[in-house]
Amino acid sequence: MKLTSKYYLNSLRNSFLMAFGIILGLSLSFGIVLRSAQSENLDYSISGFELTFMIFTLVTGLVSFRESFRFFQQNGISRKSQFTGWAVSLLVLSAVEAVVAILSGRVLGLFFNYRGIFNQLYQTLQTSGNPALLLVQEFLWVCMACLVLGWAGFSFALLYYRLSKMGKILVSILVPGTLFILLPMADQHFLGGSYAWLLEKAGMLITGYLPGGIYPMVPVAAALVCSAVLAVLSWLMMRRAEVRS
Amino acid sequence: MKLDTALETPIYLQIAAGLEDGIFMGAYPEETQAPSTTELSVSLQINPATVLKGVNLLVEEGILYKKRGVGMFVSKGAQEKIREKRQNAFYEGYIRPLITEAKKLGLKEEQLLKLLERGYQE
Amino acid sequence: MNAITCTQVSKNFGDVKALDQVSLSFEEGKIYGLLGRNGAGKTTLLNCITGRMFPTGGEVYVDGETALENEKELKKIFYMGQQELYPEEMTVNKVFYWTGQFYGGFDLEYAQNLCQKFGLDPKKKTSKLSTGYRSIYKLITALAVDAPYILLDEPVLGLDAGHREMFYRELLENYAEKPRTIVLSTHLIEEAASLLEEVIILHNGRVMCHKTCEELLHSGYTVSGKQSEVDAFIAGKKVLSQQSIGGLKTAVIYGKPEEDMPQTLETGRMDLQKLFVAMTEENGGELL
């Protein structure tokens, strides 16, 4: 497991640094352009590290399975070690991403009007809350968001790997078709808006905007539960995965 | 040493014969080290187990002996042993069929001896 | 006795029985030839042994322990397959590095030496190599790794004659220095025949024959001579193959040469490749 994590983190390092470099460059140039163009009545703000890292983690999850699986099989590594190695690596990656995103945001905040995604979503809490507690919450929020996306990418890649050609086509058509066409249409005609209601509630849960108030730790807990479910599903699919030609 | 995989003689016998030839002709003098199994295996591209089988044949006959940790050595008196062995084989392999064939051809002992004499003189 | 042992290993792909109750052992310190035509099940067998695939039935043991998902045992096997399992972006040097990490005891100096001998630039990415060199870097990895069981699937694929000979030489030198189990799986056997100690022939997913190479080569012989005489001689014998050029005929016969062989016929040793082809032809297996 130690070795498999080492391999995963090793292969992630370069692409992570690249993603970080790109978003840093973009933020800086946007910041400079916007600040120099600033007039009295133009309010600007920049952000983006968290979102970039979340997408990066999703993509990492998507591309991490097949290549590493084959490589580990070549080297006589059990599927169990591969799985635990990935789980540890993803957790480390998510934590590093959260720290880097928060730190970069704070540093950029010294020069520009930088506002991270957490600050934007929970602006109302910023004035009233305890700053130390907020920092911990921000870390957990970004970290868990990355984690759950990483697991989503990984389990989706595994699903694709395990499915036959026919299965792949079916999933590719049916899943988006159901979610974005069939259900909204059915909602309009038969379900009487209950699908839209469900989406709204899900959205509220994801952000933590609940009827009783704003709770940023609710999405953190939700992400943790989702990650656990996806991890279990991934393991079930990985347990019997074979090298195919 | 030349091996011929097309021959019916098994490879290990060919190896034994090749080594024996080398010893008999003095290429590997007595009390010196004989080529190692590894050397033979690599240079002839033959499985070491096969080579070993051939070498062991010569060990059994007392032509080679093992020095622990050093390797195979040619025994003292190996050449003489090989000569003896080959002389015996000569009788079985050449003289016996010669006489059988001579009898078939109706040659008498004196006639055959005359022919042998002629062979030596030519 | 330490060994890789398969007991009644089967593997089905849908309705196709790729392996049908294969039982065999690869014992410690021997060089094996795993022969079989394309589709005989060689690669599937090796995949099942190394856990890249799950057998549908049966069990694989390494040194007496179940091998499936057992890292301690799997680390004893290095399997060079025909498939490219290394990441495309990985350089040969990195392959050496990680093999050392995973297996331990990788002889990097030896590997570098071999690269030089074969004219392989280890700084290159594996995906940028030609077919021949793609075999070569994996062969070098297999030779330099410290594992007691080395499985090589079609090891000389794409290698030219010079490189093939070089490989056999290096293999024997390596084996002499560090005897271990080496399995050469191939359908082109003649040039490797003298390297082998034992031969296992797979046919249609079953073990058709498992003998020492010497035994197998002596299970038949060739006769050649005038067509009419050869025809007369082979009548009523188990003929594996026959071939005539002009008035001359050569036949491969299963069994031992007889004492009363006509003097005008010449006998010879069987050619492993021919024997193998004859045996794996339709109904060929009934001969054994």
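Look up: the structure comes first, before these words.
Rules and cut-offs
- Residues numbered from 1 in each chain as written.
- Chains lettered and ligands numbered in written order.
- Predicted model: local features only at pLDDT ≥ 70, side-chain atom pairs only at ≥ 80, totals over all residues.
- Heavy atoms only, no water.
- Patch = residues over 30% accessible without salt bridge, like charges linked within 9 Å, V, L, I, M, F, W, Y side chains within 5 Å.
- Areas by Shrake-Rupley, 256 points an atom, 1.4 Å probe, with all protein chains shown as cover.
- Salt bridge = Lys/Arg side-chain N within 4 Å of Asp/Glu carboxyl O.
- Lys, Arg positive; Asp, Glu negative; His and termini not counted.
- Charge placed at Lys NZ, Arg CZ, Asp CG, Glu CD.
- Helix = DSSP H or I, 4+ residues; strand = E, 2+ residues; numbered from the N terminus.
- Contact = heavy atoms within 4.5 Å.
- Buried area = accessible area lost by both parts, 1.4 Å probe.
- Polar contact = N/O pair within 3.5 Å; in protein donor to acceptor, adjacent residues only side chain to side chain.
- Pairing = 2+ DSSP bridges.
- Axes fitted to C-alpha atoms, helices over the stretch in contact; angles between N-to-C directions.
- Core = buried A, V, L, I, M, F, W, Y, C linked by side-chain atoms within 4.5 Å.
- Buried < 20%, exposed > 50% of the residue type's maximum accessible area, 1.4 Å probe, protein only.

Chemist: Just checking my understanding: could you explain a negative patch on the surface for this structure?
Modeler: Residues Asp107(C), Glu109(C), Asp146(C), Glu173(C) and Glu177(C) make up a contiguous surface patch of negative charge. When you line up the elements, Asp146(C) lands in the loop between α5 (131–144) and β7 (149–153).

Chemist: Sorry, what's going on with the side chain of Glu20(B) here?
Modeler: Along the chain, Glu20(B) turns up in helix α1 (residues 11–24). Residue contacts for Glu20(B): discarding those within four places in its chain leaves Leu58(B), Glu61(B), Ile63(B), Ile82(B), Lys85(B) and Arg86(B).

Chemist: In this structure, what is going on with the interface of chain C and chain A? I would like to understand it.
Modeler: Think of interface size as the accessible area that goes away when the parts come together; that is how it is often given. With 25 residues of chain C in contact, the opposing surface of chain A contributes 24 residues. In this assembly, chain C packs against chain A so that about 2400 Å² is buried in total across both faces, 52% of it on carbon and sulfur atoms. Linking chain C with chain A are two salt bridges. The residue Lys11(C) makes a salt bridge to Glu242(A) at a minimum N-O spacing of 2.7 Å. Counting across the chain C and chain A interface gives 15 residue pairs in polar contact (both at pLDDT 80 or more). Listed by contribution, the elements that provide at least two residues to the side of chain C that touches chain A are α2 (71–74), β6 (77–80) and α3 (92–103) of chain C.

Chemist: Just checking my understanding: could you explain the sheet that holds strand β9 (residues 198–203) of chain C for this structure?
Modeler: Backbone-to-backbone hydrogen bonds pair the strands of a sheet. The strands run either parallel or antiparallel. Residues and elements named next belong to chain C. Spatial ordering of the open sheet is given by β6-β7-β8-β3-β9-β10, a layout of six strands whose pairing is mixed. The sheet is open, and its two edges are formed by β6 and β10 (206–212), each paired on a single side. For this sheet, the mean angle separating the axes of adjacent strands, direction not counted, is 15 degrees. In the sheet, strand β3 (residues 31–35) pairs with β9 via four bridges, with the strands oriented parallel. Its bridge partner being in β9, Tyr-32 is matched across the sheet by Glu-198.

Chemist: Could you clarify how one ought to interpret the nonpolar core in this entry?
Modeler: A general feature of soluble globular proteins is that nonpolar side chains tend to end up buried together. Phe65(A), Trp151(A), Phe78(C), Ile140(C), Leu152(C), Phe167(C) and Ile201(C) are the most contacted members of the largest nonpolar core, which totals 111 residues. In terms of residue count, the dominant contributor to this core is helix α6 (residues 131–162) of chain A (14 residues). Dropping the residues within four chain positions of it, Phe65(A) is found in contact with Phe154(A), Ala157(A), Leu158(A), Tyr161(A), Met238(A) and Ala241(A). Ranked by size, the runner-up nonpolar core spans 25 residues in total, among them Leu19(C), Phe26(C), Ile49(C) and Ile77(C).

Chemist: I keep staring at the sheet that holds strand β1 (residues 3–13) of chain C and nothing clicks. Help me out?
Modeler: All names here are of chain C. Strand order in this open sheet of four strands is β2-β1-β4-β5, and the pairing throughout is antiparallel. Two strands lie at the open edges of the sheet, namely β2 (16–27) and β5 (65–66), each paired on one side alone. Of the pairings in the sheet, the one linking β1 to β2 comprises eight bridges and is antiparallel in character. Bridged to Cys-6 within β2 is Leu-24.

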